[in-house]
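Coordinate analysis (summary)
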Number of protein chains: 2
Amino acid sequence: MNEAPMVLVIEDEPQIRHFLHSTLAGGGYRVLEAATAAAGLEYAARQPDLVLLDLGLPDGDGLMLTRRLREWSQVPIVVVSARGQEQDKVAALDAGADDYLTKPFGVQELLARIRVALRHAARVGGAVEEPVFTTGALRVDFAHRQVFVADREVHLTPNEYKLLSVLVHKAGKVLTHRQLLKEVWGLAYANENHYLRVYMGQLRHKLEADPARPAHLLTEPGVGYRFKPE
Amino acid sequence: MNEAPMVLVIEDEPQIRHFLHSTLAGGGYRVLEAATAAAGLEYAARQPDLVLLDLGLPDGDGLMLTRRLREWSQVPIVVVSARGQEQDKVAALDAGADDYLTKPFGVQELLARIRVALRHAARVGGAVEEPVFTTGALRVDFAHRQVFVADREVHLTPNEYKLLSVLVHKAGKVLTHRQLLKEVWGLAYANENHYLRVYMGQLRHKLEADPARPAHLLTEPGVGYRFKPE
DNA sequence: CCGGGGCATAAAAATAACCTCAAGACCGCA
DNA sequence: TGCGGTCTTGAGGTTATTTTTATGCCCCGG
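Residues numbered from 1 in each chain as written. Chains lettered and ligands numbered in written order. Predicted model: local features only at pLDDT ≥ 70, side-chain atom pairs only at ≥ 80, totals over all residues. Heavy atoms only, no water.

Digging into the protein's contact with DNA strand C
- In the vicinity of DNA strand C, 18 residues are found, and the nearest of them are Thr219 and Gly222 of chain A together with Arg204, Thr219 and Tyr225 of chain B.
- Interatomic distance of 2.8 Å between a side-chain N/O atom of Tyr225 of chain A and a phosphate oxygen of DNA strand C.
- When residues of the surface near DNA strand C are traced back to their parent elements, those giving at least two are helix H8 (193–207) of chain A together with helix H8 (193–207) of chain B.
- The element contributing the most residues to the surface near DNA strand C is H8 of chain B, with four residues. (Near = heavy atom within 4 Å. Polar contact = N/O pair within 3.5 Å; in protein donor to acceptor, adjacent residues only side chain to side chain. Helix = DSSP H or I, 4+ residues; strand = E, 2+ residues; numbered from the N terminus.)

Here it is, written out as structure tokens:
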């Protein structure tokens, strides 16, 4: 999440809705408002990071909304309600809500519970696959910043690694001297063609079976270099 | 989970403890009981599926227990407490608790909230952390905050321990100077690279057989450091 | 057949990053 | 207030990396 998390507030009473809005905005969240269950469901399609739901809605039940939402979304749902009966809580929680606050509740507690719910969501969402590039005997593990040739780890210096990264990320494509120099060394070095010769040589030496006859790190005479996968 | 989920109950009052035990057993859970924070931490190493914690413990604070647990475990923690002050709730939730119930609470609500917590944990899946990490002669016991080299305990200062923790938790990965400094010392120290050199030196001195030729605590020049398991 | 451009390779020089040691500041505790 | 442990800071020496310099190859055109 690179921006402020977005909270969808579903609450029919304008007064409370505005109160929640300002509370959340004060807590650093972006806020989306819905006054009815129908509108809430509508807005949920915009994929908010959390839903703050008042159970006492006029049209249709908040419970039903929870269930409908859970059919396709795992967004955290924090319920607030005037009704503090145990059976209400159990029903809401079992319907898919993640937390249940009884009015009146404290602002700080609400914010703390929202933090908890977002913490959970972040853990689930964060399970991204690790990017690993493999071709022939070469393996580049970007997550670990490790490079292997035939299962033997090869140590690369920062510049060597950067250069290889750029080439591998655009595998198959020809990259001009200028492009490579800009990516690895920065704009100011865009004409230092000799750097490339030196570093390509080092990479070939470390990665290629026969550095003089490279299989992957190819020269495109007069233009630049190219990484050729298997 | 092919068996009944195991709940660790940490509660000093025998009466309440027994009550919770029978309630949970009635709900189909296996139960582990601990009467003190110390015992709780001990039992937590057995990797229960959920921790039910009473904040009003005699020895040490329940809050501290929560934080200690969170250093290495992501087990859901449901707090029950006689204290219903908002600041208590916020503190517990921010320390890492997943839910907070104020006594007196209903049995059905407790069970429902436990179901919610287990639902979350199930979604995260097999991300269970081992309470102790072992590789070669090195053993790190996160539950007890103890470190051993060849079965001999080694004393680490707080910063040394934190640094080692971060490295070990991401074993194999290269961690940049910035990342490490942020984790251990905080954002404000993100450029104090020299700290890392000093502390890595101390860790090597204490943990490595040959500090000048480290086997696990490796330097990635120009980038950061990496813990390499066996 | 010579000379120049583009490329490859090796190795020296310069620079940057790192390690070690140790003194002094700081903090919690008796 | 003094003590022990820990953290912070600095200086000097070492190692790794980057940059520069030098040399040779190959191909092509004059």
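Here the narrative resumes, following the displayed structure.
A short note on the environment of Gly40 of chain A
Residue and element names in this part refer to chain A.
- Here Gly40 is to be found in helix H2 (residues 37–44).
- For the pair Gly40 and His216, spaced 176 residues apart in the sequence, the C-alpha separation amounts to 54 Å.
- Excluding residues that lie within four positions of it along the chain, Gly40 makes contacts with Leu8, Ile10 and Ala34. (Contact = heavy atoms within 4.5 Å.)

Here's the deal with the protein's contact with DNA strand D
- Around DNA strand D sit 21 residues in total, of which Thr157, Trp185 and Tyr195 of chain A together with His155 and Tyr195 of chain B are the nearest.
- Of all DNA strand D atoms lying within 4 Å of any protein atom, the proportion belonging to sugar or phosphate reaches 71%.
- His155 of chain A has a polar side-chain atom sitting 2.9 Å from a phosphate oxygen of DNA strand D.
- One of the side-chain nitrogen or oxygen atoms of Tyr199 of chain B is found 3.2 Å away from a phosphate oxygen of DNA strand D.
- Per-class residue counts for the surface near DNA strand D are 13 nonpolar, eight polar and no charged. (Nonpolar A, V, L, I, M, F, W, Y, C, P; charged D, E, K, R; others polar.)

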